[in-house]
Amino acid sequence: MEIRVLFFGVLTEVTQTMFKHYRDVNSFGDLMHRIQDDFPELVHFDYRIAVNSEIINEDPELKNMDEVAFMPPFAGG
Amino acid sequence: MEIRVLFFGVLTEVTQTMFKHYRDVNSFGDLMHRIQDDFPELVHFDYRIAVNSEIINEDPELKNMDEVAFMPPFAGG
Amino acid sequence: MAKTTLIKGPVTHELISSRMRLLGENREIGGHSIFLGQVRADIKGIRKVKAIEYSAYEEMVNREAESIKQKILSEYNDVRSIDIFHSTGVVMAGEISLMVLVSAGHRQHAMAACDKTVEMIKEKLPVWKKEIFEDNSHEWKRENLA
Amino acid sequence: MAKTTLIKGPVTHELISSRMRLLGENREIGGHSIFLGQVRADIKGIRKVKAIEYSAYEEMVNREAESIKQKILSEYNDVRSIDIFHSTGVVMAGEISLMVLVSAGHRQHAMAACDKTVEMIKEKLPVWKKEIFEDNSHEWKRENLA
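Structure report, in brief.

1. Some thoughts on the side chain of C:Glu131
Residue and element names in this part refer to chain C.
Here's step 1: With respect to the helices, strands and loops of the structure, Glu131 is situated in strand 7 (residues 127-133).
Here's step 2: Taking the relative accessible area as the measure of exposure, Glu131 reaches 2% and is therefore buried.
Here's step 3: For Glu131, the side chain forms a polar contact with the side chain of Lys44, separated by 2.6 Å.
Here's step 4: Contacts of Glu131, omitting those with residues within four sequence positions, involve Asp42, Lys44, Val49, Ala51, Ile52, Ser137, His138, Glu139 and Lys141.

2. Examining the sheet that holds strand 1 (residues 3-7) of chain B
All names here are of chain B.
Here's step 1: One open sheet accounts for five strands, arranged 2-1-5-3-4; its pairing is mixed. This sheet does not close on itself; its edge strands, each paired only once, are strand 2 (19-22) and strand 4 (54-55).
Here's step 2: Judged from the two bridges that link them, strand 3 (residues 48-51) and strand 4 form a sheet pairing that is antiparallel. Opposite Ala50, over in strand 4, you have Ile55 as the bridge partner.

3. What to know about the relation of the copies chain C and chain D
Here's step 1: Laying chain C over chain D is done by rotating through 180° and shifting 0.0 Å along the axis; what remains is an RMSD of 0.0 Å. Such a combination of rotation and displacement between the chain copies is what one expects of a two-fold axis. For chain C, the residue whose C-alpha comes nearest the rotation axis is C:Ile34, separated from it by 2.5 Å.

4. Considerations on the interface of chain C and chain D
Here's step 1: Counting residues at the interface gives 38 residues for chain C and 38 residues for chain D.
Here's step 2: In total, about 3300 Å² of surface goes out of reach between chain C and chain D, with carbon and sulfur atoms giving 50% of it.
Here's step 3: At the junction of chain C with chain D, the criterion picks out four salt bridges.
Here's step 4: The shortest N-O distance in the salt bridge between C:Glu119 and D:Arg107 comes to 2.6 Å.
Here's step 5: On inspection of chain C and its partner chain D, the count reaches 18 residue pairs in polar contact (both at pLDDT 80 or more).
Here's step 6: Elements with a contribution of two residues or more to the side of chain C that touches chain D: helix 1 (13-20), strand 2 (31-38) and helix 3 (107-124) of chain C.
Here's step 7: Top contributing element to the side of chain C that touches chain D by residue count: strand 2 of chain C, with eight residues.
Here's step 8: When its residues are assigned to classes, the side of chain C that touches chain D shows 15 nonpolar, 14 polar and nine charged.
Here's step 9: Both strand 2 of chain C and strand 2 (residues 31-38) of chain D contribute to a ladder of seven bridges, which runs antiparallel. The residue bridging C:Gly31 from the neighbouring strand is D:Gly37, located in strand 2 of chain D.

5. Some remarks on the packing of aromatic side chains
When we look at a pair of aromatic rings, we describe it by the centre distance and by the angle of the planes.
Here's step 1: Tallied over the full model, the rule gives 12 aromatic pairs over all chains.
Here's step 2: An aromatic cluster is defined as three or more aromatic residues linked by ring pairs; in this entry it consists of A:Phe7, A:Phe39, A:Tyr47 and A:Phe70.
Here's step 3: Above the ring of A:Tyr22, the side-chain terminus of A:Lys20 is found at 5.4 Å from the ring centroid.
Here's step 4: Seen from the ring of D:Phe133, D:Arg47 lies directly overhead, with NZ or CZ sitting 3.9 Å from the centre.

6. Quick notes on the interface of chain D and chain A
Here's step 1: Across the boundary between the two partners, chain D contributes 24 residues, which contact 22 residues of chain A.
Here's step 2: Summed over both partners, the interface of chain D with chain A buries about 1800 Å², with 55% contributed by carbon and sulfur atoms.
Here's step 3: Ranking the residues of chain D by area buried against chain A places D:Tyr57, D:Trp128 and D:Trp140 at the top, with a combined share of 37%.
Here's step 4: Counting every contact that joins chain D to chain A gives one salt bridge.
Here's step 5: The salt bridge partner of D:Arg63 is A:Glu54, with a shortest N-O separation of 3.3 Å.
Here's step 6: Here chain D and chain A share 14 residue pairs in polar contact (both at pLDDT 80 or more) between them.

7. Some details on the side chain of C:Asp83
Here's step 1: By the element assignment, C:Asp83 lies in strand 5 (residues 79-92).
Here's step 2: Since its relative accessible area comes to 7%, C:Asp83 is described here as buried.

8. Describing the layout of surface pockets
Here's step 1: In this structure, the largest pocket encloses a volume near 260 Å³.
Here's step 2: If you trace the largest pocket, you find 16 residues lining it, with A:Met18, D:Glu53, D:Tyr54, D:Ser55 and D:Ala56 closest to the centre.
Here's step 3: Every element with two or more residues in the lining of the largest pocket is listed here: strand 1 (6-8), strand 4 (47-56) and strand 5 (79-92) of chain D.
Here's step 4: With four residues, strand 4 of chain D is the single largest residue contributor to the lining of the largest pocket.
Here's step 5: For the lining of the largest pocket, the residue count by class is seven nonpolar, five polar and four charged.

Calculation rules
- Residues numbered from 1 in each chain as written.
- Chains lettered and ligands numbered in written order.
- Predicted model: local features only at pLDDT ≥ 70, side-chain atom pairs only at ≥ 80, totals over all residues.
- Heavy atoms only, no water.
- Helix = DSSP H or I, 4+ residues; strand = E, 2+ residues; numbered from the N terminus.
- Buried < 20%, exposed > 50% of the residue type's maximum accessible area, 1.4 Å probe, protein only.
- Polar contact = N/O pair within 3.5 Å; in protein donor to acceptor, adjacent residues only side chain to side chain.
- Contact = heavy atoms within 4.5 Å.
- Pairing = 2+ DSSP bridges.
- Least-squares fit on C-alpha atoms with pLDDT ≥ 70 in both.
- Buried area = accessible area lost by both parts, 1.4 Å probe.
- Salt bridge = Lys/Arg side-chain N within 4 Å of Asp/Glu carboxyl O.
- Nonpolar A, V, L, I, M, F, W, Y, C, P; charged D, E, K, R; others polar.
- Phe/Tyr/Trp six-rings, centres within 6.5 Å; stacked < 30°, edge-to-face > 60°.
- Lys NZ or Arg CZ within 6 Å of the ring centre and 35° of its normal.
- 1 Å grid on protein atoms, 1.4 Å probe; cavity = no way out; pocket = protein on both sides within 12 Å on 5 of 7 lines; lining within 4 Å.
- Points joined across faces, edges and corners; volume = space filled by probe spheres on them.

So, in C-alpha coordinates, the structure goes:
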(Lines give C-alpha, C1' and ligand atoms only; values in the text may rest on other atoms or scores of the structure.)
Protein backbone atom coordinates (compact mmCIF):
# COMPACT_ATOMS: atom_id res chain seq x y z
CA MET A 1 0.00 0.00 0.00
CA GLU A 2 0.96 3.64 -0.39
CA ILE A 3 1.43 5.83 2.70
CA ARG A 4 1.90 9.58 2.93
CA VAL A 5 4.27 10.59 5.75
CA LEU A 6 4.32 14.12 7.20
CA PHE A 7 7.05 15.70 9.33
CA PHE A 8 6.53 18.80 11.48
CA GLY A 9 8.48 21.39 13.45
CA VAL A 10 12.14 20.70 14.17
CA LEU A 11 11.84 17.28 12.48
CA THR A 12 11.70 18.99 9.09
CA GLU A 13 15.31 20.08 9.67
CA VAL A 14 16.30 16.42 10.11
CA THR A 15 14.34 15.15 7.13
CA GLN A 16 14.73 18.25 4.95
CA THR A 17 11.18 17.70 3.80
CA MET A 18 7.63 18.12 5.11
CA PHE A 19 6.30 14.96 3.41
CA LYS A 20 7.43 11.82 1.73
CA HIS A 21 5.54 9.03 -0.01
CA TYR A 22 6.30 5.42 0.79
CA ARG A 23 5.08 2.76 -1.69
CA ASP A 24 4.65 -0.98 -1.23
CA VAL A 25 4.39 -0.64 2.54
CA ASN A 26 3.55 -3.99 4.20
CA SER A 27 2.75 -2.83 7.71
CA PHE A 28 3.28 -0.05 10.24
CA GLY A 29 6.44 -1.81 11.45
CA ASP A 30 7.78 -2.00 7.91
CA LEU A 31 7.08 1.74 7.43
CA MET A 32 8.87 2.64 10.66
CA HIS A 33 11.96 0.67 9.64
CA ARG A 34 12.13 2.36 6.27
CA ILE A 35 11.73 5.83 7.82
CA GLN A 36 14.44 5.06 10.38
CA ASP A 37 16.74 3.90 7.60
CA ASP A 38 16.11 7.08 5.61
CA PHE A 39 16.47 9.42 8.60
CA PRO A 40 18.61 7.75 11.27
CA GLU A 41 18.88 11.00 13.27
CA LEU A 42 15.15 10.89 14.09
CA VAL A 43 16.04 8.61 16.99
CA HIS A 44 17.49 11.61 18.86
CA PHE A 45 14.18 13.48 18.82
CA ASP A 46 11.01 13.34 20.86
CA TYR A 47 7.87 12.87 18.79
CA ARG A 48 4.38 11.42 18.73
CA ILE A 49 2.78 9.79 15.73
CA ALA A 50 -0.71 10.46 14.36
CA VAL A 51 -2.49 8.39 11.74
CA ASN A 52 -5.06 10.36 9.76
CA SER A 53 -4.67 13.17 12.35
CA GLU A 54 -5.38 10.99 15.37
CA ILE A 55 -2.59 10.27 17.82
CA ILE A 56 -1.85 6.57 18.17
CA ASN A 57 -0.81 4.79 21.33
CA GLU A 58 -0.09 1.40 19.84
CA ASP A 59 0.96 0.13 16.40
CA PRO A 60 -2.04 0.62 14.09
CA GLU A 61 -3.27 -1.35 11.08
CA LEU A 62 -2.52 0.87 8.10
CA LYS A 63 -4.72 1.16 5.03
CA ASN A 64 -3.76 2.30 1.55
CA MET A 65 -3.40 6.13 1.34
CA ASP A 66 -3.27 6.61 5.11
CA GLU A 67 -1.48 9.73 6.37
CA VAL A 68 1.16 9.20 9.07
CA ALA A 69 2.43 12.32 10.88
CA PHE A 70 5.59 12.70 12.98
CA MET A 71 4.98 15.46 15.52
CA PRO A 72 7.49 16.92 18.01
CA PRO A 73 6.05 18.38 21.26
CA PHE A 74 3.40 20.99 20.50
CA ALA A 75 4.26 24.65 21.02
CA GLY A 76 1.18 26.65 20.05
CA GLY A 77 -0.04 29.93 21.51
CA MET B 1 -18.60 70.50 63.84
CA GLU B 2 -20.25 70.08 60.44
CA ILE B 3 -20.46 66.64 58.85
CA ARG B 4 -21.57 65.69 55.34
CA VAL B 5 -23.44 62.38 55.22
CA LEU B 6 -23.82 60.36 52.01
CA PHE B 7 -26.30 57.54 51.30
CA PHE B 8 -25.92 55.02 48.48
CA GLY B 9 -27.84 52.34 46.64
CA VAL B 10 -31.09 51.13 48.16
CA LEU B 11 -30.54 53.37 51.19
CA THR B 12 -31.42 56.41 49.07
CA GLU B 13 -34.94 55.00 48.82
CA VAL B 14 -35.16 55.03 52.63
CA THR B 15 -33.65 58.47 53.08
CA GLN B 16 -35.04 60.00 49.87
CA THR B 17 -31.75 61.83 49.52
CA MET B 18 -28.16 61.14 48.53
CA PHE B 19 -26.68 63.52 51.08
CA LYS B 20 -27.53 65.48 54.15
CA HIS B 21 -25.57 68.00 56.24
CA TYR B 22 -25.47 67.70 59.99
CA ARG B 23 -24.33 70.73 61.99
CA ASP B 24 -23.14 71.01 65.57
CA VAL B 25 -22.19 67.35 65.70
CA ASN B 26 -20.44 66.47 68.99
CA SER B 27 -19.18 63.02 68.18
CA PHE B 28 -19.64 60.00 65.92
CA GLY B 29 -22.12 58.55 68.46
CA ASP B 30 -24.08 61.79 68.44
CA LEU B 31 -24.20 61.74 64.61
CA MET B 32 -25.41 58.13 64.54
CA HIS B 33 -28.25 58.91 66.96
CA ARG B 34 -29.41 61.87 64.92
CA ILE B 35 -29.32 59.85 61.67
CA GLN B 36 -31.27 57.00 63.29
CA ASP B 37 -33.85 59.51 64.57
CA ASP B 38 -34.21 61.00 61.07
CA PHE B 39 -34.38 57.64 59.27
CA PRO B 40 -35.57 54.96 61.68
CA GLU B 41 -36.02 52.42 58.86
CA LEU B 42 -32.25 52.30 58.28
CA VAL B 43 -32.09 49.73 61.07
CA HIS B 44 -33.64 47.16 58.70
CA PHE B 45 -30.79 47.46 56.20
CA ASP B 46 -27.30 46.05 55.91
CA TYR B 47 -24.63 48.71 55.48
CA ARG B 48 -21.03 49.62 56.13
CA ILE B 49 -19.79 53.09 56.97
CA ALA B 50 -16.85 54.93 55.44
CA VAL B 51 -15.31 58.15 56.72
CA ASN B 52 -13.60 60.18 54.00
CA SER B 53 -13.95 57.14 51.73
CA GLU B 54 -12.24 54.69 54.10
CA ILE B 55 -14.29 51.95 55.69
CA ILE B 56 -14.27 52.10 59.48
CA ASN B 57 -14.29 49.13 61.84
CA GLU B 58 -14.68 51.05 65.08
CA ASP B 59 -16.16 54.40 66.07
CA PRO B 60 -13.85 57.10 64.68
CA GLU B 61 -12.93 60.56 65.93
CA LEU B 62 -14.67 62.93 63.52
CA LYS B 63 -13.23 66.25 62.38
CA ASN B 64 -15.06 69.26 61.03
CA MET B 65 -16.16 68.75 57.37
CA ASP B 66 -15.60 64.99 57.42
CA GLU B 67 -17.63 62.94 54.94
CA VAL B 68 -19.51 59.95 56.35
CA ALA B 69 -20.93 57.43 53.85
CA PHE B 70 -23.61 54.79 54.41
CA MET B 71 -23.00 51.96 51.95
CA PRO B 72 -25.15 48.85 51.36
CA PRO B 73 -23.37 45.71 50.05
CA PHE B 74 -21.42 46.47 46.88
CA ALA B 75 -22.81 45.21 43.58
CA GLY B 76 -20.37 46.35 40.89
CA GLY B 77 -19.50 44.60 37.66
CA MET C 1 -1.98 53.02 33.32
CA ALA C 2 -5.44 54.54 32.93
CA LYS C 3 -6.39 57.14 35.50
CA THR C 4 -10.15 57.13 34.98
CA THR C 5 -12.03 54.15 36.30
CA LEU C 6 -15.62 55.34 35.95
CA ILE C 7 -17.17 55.80 32.52
CA LYS C 8 -20.49 57.55 31.99
CA GLY C 9 -22.77 55.02 30.25
CA PRO C 10 -21.64 51.75 28.66
CA VAL C 11 -18.03 50.74 28.00
CA THR C 12 -18.17 51.20 24.22
CA HIS C 13 -16.53 49.17 21.49
CA GLU C 14 -14.61 52.31 20.57
CA LEU C 15 -13.08 52.47 24.05
CA ILE C 16 -12.28 48.76 24.02
CA SER C 17 -10.67 49.03 20.57
CA SER C 18 -8.68 52.09 21.52
CA ARG C 19 -7.18 50.27 24.52
CA MET C 20 -6.49 47.18 22.41
CA ARG C 21 -4.52 49.21 19.90
CA LEU C 22 -1.97 50.03 22.61
CA LEU C 23 -1.32 46.38 23.42
CA GLY C 24 1.64 45.75 21.12
CA GLU C 25 3.75 48.62 22.39
CA ASN C 26 5.48 46.69 25.17
CA ARG C 27 7.53 43.91 23.59
CA GLU C 28 8.05 42.11 26.92
CA ILE C 29 4.36 41.25 27.09
CA GLY C 30 3.34 37.70 26.16
CA GLY C 31 -0.33 37.67 27.07
CA HIS C 32 -3.36 39.84 27.71
CA SER C 33 -6.32 38.65 29.71
CA ILE C 34 -9.49 40.66 29.28
CA PHE C 35 -12.78 40.41 31.11
CA LEU C 36 -15.90 42.17 29.83
CA GLY C 37 -18.99 42.24 32.00
CA GLN C 38 -22.23 42.54 30.05
CA VAL C 39 -25.73 43.43 31.24
CA ARG C 40 -27.98 40.39 31.04
CA ALA C 41 -31.70 40.53 30.18
CA ASP C 42 -32.53 38.42 33.24
CA ILE C 43 -36.10 37.31 33.83
CA LYS C 44 -37.45 37.92 37.35
CA GLY C 45 -40.85 36.33 37.62
CA ILE C 46 -42.81 37.98 34.82
CA ARG C 47 -40.45 40.93 34.46
CA LYS C 48 -37.48 41.16 32.13
CA VAL C 49 -34.42 43.34 32.77
CA LYS C 50 -34.09 46.12 30.19
CA ALA C 51 -31.09 47.94 31.68
CA ILE C 52 -29.03 48.40 34.81
CA GLU C 53 -28.47 51.78 36.38
CA TYR C 54 -25.14 51.91 38.18
CA SER C 55 -24.31 54.39 40.91
CA ALA C 56 -20.94 54.76 42.59
CA TYR C 57 -19.09 56.55 45.37
CA GLU C 58 -16.68 58.06 42.88
CA GLU C 59 -13.91 59.25 45.16
CA MET C 60 -13.77 55.89 46.92
CA VAL C 61 -13.95 53.99 43.61
CA ASN C 62 -10.84 55.80 42.39
CA ARG C 63 -9.01 55.17 45.64
CA GLU C 64 -9.98 51.48 45.76
CA ALA C 65 -9.22 50.89 42.08
CA GLU C 66 -5.74 52.31 42.62
CA SER C 67 -5.27 50.11 45.67
CA ILE C 68 -6.42 47.00 43.73
CA LYS C 69 -3.91 47.77 40.96
CA GLN C 70 -1.09 48.23 43.47
CA LYS C 71 -1.97 44.99 45.22
CA ILE C 72 -2.07 43.00 41.96
CA LEU C 73 1.19 44.54 40.72
CA SER C 74 2.94 43.66 43.97
CA GLU C 75 1.49 40.13 44.06
CA TYR C 76 2.22 39.34 40.38
CA ASN C 77 5.54 40.88 39.45
CA ASP C 78 5.17 39.61 35.89
CA VAL C 79 2.14 41.89 35.36
CA ARG C 80 3.00 44.97 33.29
CA SER C 81 -0.28 46.90 33.23
CA ILE C 82 -3.85 46.84 34.50
CA ASP C 83 -6.81 48.77 33.08
CA ILE C 84 -10.13 48.99 34.90
CA PHE C 85 -13.21 50.69 33.41
CA HIS C 86 -16.61 50.56 35.09
CA SER C 87 -19.85 52.19 33.97
CA THR C 88 -21.99 54.60 35.93
CA GLY C 89 -25.52 55.49 34.91
CA VAL C 90 -27.70 53.46 32.58
CA VAL C 91 -26.32 50.49 30.63
CA MET C 92 -28.77 48.60 28.41
CA ALA C 93 -29.00 44.79 28.24
CA GLY C 94 -26.34 43.55 25.81
CA GLU C 95 -23.99 46.47 26.57
CA ILE C 96 -20.69 46.24 28.46
CA SER C 97 -20.48 47.67 32.00
CA LEU C 98 -17.01 46.50 33.08
CA MET C 99 -13.70 46.05 31.30
CA VAL C 100 -10.59 44.68 32.96
CA LEU C 101 -7.44 44.27 30.87
CA VAL C 102 -4.33 42.77 32.40
CA SER C 103 -1.10 42.41 30.42
CA ALA C 104 1.79 40.27 31.62
CA GLY C 105 4.98 38.63 30.45
CA HIS C 106 3.39 35.18 30.62
CA ARG C 107 -0.13 33.94 30.07
CA GLN C 108 -0.69 32.23 33.43
CA HIS C 109 0.09 35.46 35.27
CA ALA C 110 -2.12 37.53 32.97
CA MET C 111 -5.07 35.18 33.49
CA ALA C 112 -4.63 34.68 37.24
CA ALA C 113 -4.15 38.41 37.83
CA CYS C 114 -7.21 39.29 35.71
CA ASP C 115 -9.39 36.83 37.63
CA LYS C 116 -8.13 38.23 40.92
CA THR C 117 -8.68 41.83 39.77
CA VAL C 118 -12.30 41.07 38.82
CA GLU C 119 -12.89 39.37 42.19
CA MET C 120 -11.44 42.38 44.01
CA ILE C 121 -13.58 44.80 41.97
CA LYS C 122 -16.71 42.89 43.00
CA GLU C 123 -15.59 42.89 46.63
CA LYS C 124 -14.01 46.32 47.03
CA LEU C 125 -15.52 48.85 44.59
CA PRO C 126 -18.37 50.90 46.07
CA VAL C 127 -20.77 50.50 43.15
CA TRP C 128 -24.46 49.66 43.27
CA LYS C 129 -26.88 48.51 40.64
CA LYS C 130 -30.55 49.01 40.10
CA GLU C 131 -32.23 46.66 37.64
CA ILE C 132 -34.71 48.44 35.41
CA PHE C 133 -37.40 46.19 33.94
CA GLU C 134 -39.22 46.49 30.65
CA ASP C 135 -42.32 47.72 32.50
CA ASN C 136 -40.08 50.47 34.00
CA SER C 137 -40.34 49.07 37.51
CA HIS C 138 -37.01 48.68 39.26
CA GLU C 139 -35.22 46.71 41.93
CA TRP C 140 -31.91 47.24 43.72
CA LYS C 141 -29.72 44.25 43.12
CA ARG C 142 -28.15 42.90 46.28
CA GLU C 143 -26.27 39.88 45.18
CA ASN C 144 -23.00 40.14 43.40
CA LEU C 145 -23.29 37.34 40.89
CA ALA C 146 -22.64 39.04 37.54
CA MET D 1 -19.26 29.54 16.42
CA ALA D 2 -16.31 30.30 14.15
CA LYS D 3 -15.31 27.53 11.76
CA THR D 4 -11.80 28.74 10.93
CA THR D 5 -9.21 28.30 13.61
CA LEU D 6 -6.03 29.07 11.68
CA ILE D 7 -5.32 32.59 10.47
CA LYS D 8 -2.55 33.41 8.01
CA GLY D 9 -0.26 35.91 9.78
CA PRO D 10 -1.11 37.82 12.97
CA VAL D 11 -4.54 37.98 14.61
CA THR D 12 -5.27 41.59 13.64
CA HIS D 13 -7.06 44.31 15.59
CA GLU D 14 -9.66 44.31 12.81
CA LEU D 15 -10.43 40.64 13.42
CA ILE D 16 -10.55 41.16 17.19
CA SER D 17 -12.85 44.18 16.80
CA SER D 18 -15.12 42.37 14.37
CA ARG D 19 -15.62 39.52 16.86
CA MET D 20 -16.18 41.98 19.71
CA ARG D 21 -18.96 43.73 17.81
CA LEU D 22 -20.99 40.51 17.91
CA LEU D 23 -20.81 40.22 21.68
CA GLY D 24 -24.02 42.02 22.61
CA GLU D 25 -26.30 39.93 20.43
CA ASN D 26 -27.04 37.25 23.02
CA ARG D 27 -28.86 38.88 25.94
CA GLU D 28 -28.33 35.88 28.22
CA ILE D 29 -24.59 36.50 28.32
CA GLY D 30 -23.17 38.18 31.41
CA GLY D 31 -19.44 37.97 30.79
CA HIS D 32 -16.79 37.52 28.15
CA SER D 33 -13.31 36.29 28.97
CA ILE D 34 -10.71 36.92 26.31
CA PHE D 35 -7.13 35.78 26.10
CA LEU D 36 -4.71 37.27 23.59
CA GLY D 37 -1.28 35.70 23.18
CA GLN D 38 1.38 38.13 21.96
CA VAL D 39 4.83 37.45 20.52
CA ARG D 40 7.50 38.56 22.99
CA ALA D 41 10.86 40.02 21.98
CA ASP D 42 12.68 37.56 24.25
CA ILE D 43 16.42 37.82 24.67
CA LYS D 44 18.36 34.54 24.28
CA GLY D 45 21.96 35.16 25.15
CA ILE D 46 22.99 37.94 22.77
CA ARG D 47 20.11 37.34 20.34
CA LYS D 48 16.73 39.04 20.42
CA VAL D 49 13.52 37.52 19.03
CA LYS D 50 12.17 39.50 16.07
CA ALA D 51 9.28 37.19 15.11
CA ILE D 52 7.87 33.72 15.50
CA GLU D 53 7.06 31.54 12.54
CA TYR D 54 4.20 29.16 13.33
CA SER D 55 3.52 25.96 11.45
CA ALA D 56 0.55 23.67 12.00
CA TYR D 57 -0.96 20.35 11.01
CA GLU D 58 -4.05 22.07 9.71
CA GLU D 59 -6.47 19.16 9.45
CA MET D 60 -5.64 18.00 12.97
CA VAL D 61 -5.81 21.57 14.34
CA ASN D 62 -9.38 21.90 13.07
CA ARG D 63 -10.37 18.51 14.48
CA GLU D 64 -8.74 19.20 17.87
CA ALA D 65 -10.14 22.74 18.11
CA GLU D 66 -13.63 21.36 17.53
CA SER D 67 -13.04 18.68 20.17
CA ILE D 68 -11.79 21.30 22.68
CA LYS D 69 -14.92 23.40 22.09
CA GLN D 70 -17.20 20.41 22.56
CA LYS D 71 -15.40 19.42 25.75
CA ILE D 72 -15.63 22.93 27.23
CA LEU D 73 -19.31 23.29 26.25
CA SER D 74 -20.16 19.99 27.90
CA GLU D 75 -18.13 20.75 31.02
CA TYR D 76 -19.46 24.32 31.47
CA ASN D 77 -23.12 24.37 30.54
CA ASP D 78 -23.26 28.12 31.22
CA VAL D 79 -20.87 28.77 28.31
CA ARG D 80 -22.66 30.11 25.22
CA SER D 81 -19.85 30.43 22.67
CA ILE D 82 -16.14 29.83 22.16
CA ASP D 83 -13.93 31.40 19.49
CA ILE D 84 -10.40 30.19 18.83
CA PHE D 85 -8.06 31.88 16.35
CA HIS D 86 -4.41 30.88 15.99
CA SER D 87 -1.82 32.27 13.61
CA THR D 88 0.22 30.35 11.09
CA GLY D 89 3.25 31.81 9.36
CA VAL D 90 5.24 34.80 10.56
CA VAL D 91 4.03 36.94 13.48
CA MET D 92 6.26 39.86 14.53
CA ALA D 93 7.11 40.70 18.15
CA GLY D 94 4.27 42.79 19.59
CA GLU D 95 1.65 41.15 17.34
CA ILE D 96 -1.08 38.76 18.48
CA SER D 97 -0.81 35.05 17.60
CA LEU D 98 -3.71 33.60 19.59
CA MET D 99 -7.19 34.81 20.47
CA VAL D 100 -9.60 32.88 22.65
CA LEU D 101 -12.99 34.42 23.41
CA VAL D 102 -15.41 32.64 25.73
CA SER D 103 -18.87 34.05 26.50
CA ALA D 104 -21.03 32.74 29.32
CA GLY D 105 -24.01 33.59 31.41
CA HIS D 106 -21.85 34.27 34.45
CA ARG D 107 -18.37 35.65 34.86
CA GLN D 108 -16.81 32.78 36.82
CA HIS D 109 -17.77 30.32 34.11
CA ALA D 110 -16.49 32.59 31.34
CA MET D 111 -13.14 33.00 33.08
CA ALA D 112 -12.69 29.37 34.15
CA ALA D 113 -13.68 28.07 30.71
CA CYS D 114 -11.34 30.53 28.95
CA ASP D 115 -8.40 29.47 31.13
CA LYS D 116 -9.18 25.82 30.45
CA THR D 117 -9.54 26.42 26.71
CA VAL D 118 -6.11 28.11 26.57
CA GLU D 119 -4.54 25.24 28.53
CA MET D 120 -6.09 22.71 26.17
CA ILE D 121 -4.89 24.66 23.12
CA LYS D 122 -1.33 24.53 24.45
CA GLU D 123 -1.65 20.82 25.17
CA LYS D 124 -3.68 19.57 22.20
CA LEU D 125 -3.20 21.77 19.12
CA PRO D 126 -0.51 20.50 16.74
CA VAL D 127 1.27 23.82 16.25
CA TRP D 128 5.00 24.50 16.31
CA LYS D 129 7.00 27.68 16.59
CA LYS D 130 10.35 28.74 15.29
CA GLU D 131 11.84 31.83 16.89
CA ILE D 132 13.45 34.14 14.36
CA PHE D 133 16.11 36.42 15.80
CA GLU D 134 17.16 39.90 14.70
CA ASP D 135 20.31 38.43 13.12
CA ASN D 136 17.98 36.13 11.09
CA SER D 137 19.20 33.00 12.85
CA HIS D 138 16.42 30.78 14.17
CA GLU D 139 15.61 28.20 16.79
CA TRP D 140 12.68 25.79 17.19
CA LYS D 141 10.96 26.47 20.46
CA ARG D 142 10.33 23.37 22.51
CA GLU D 143 8.83 24.64 25.70
CA ASN D 144 5.27 25.76 25.88
CA LEU D 145 5.55 28.75 28.17
CA ALA D 146 3.92 31.59 26.22
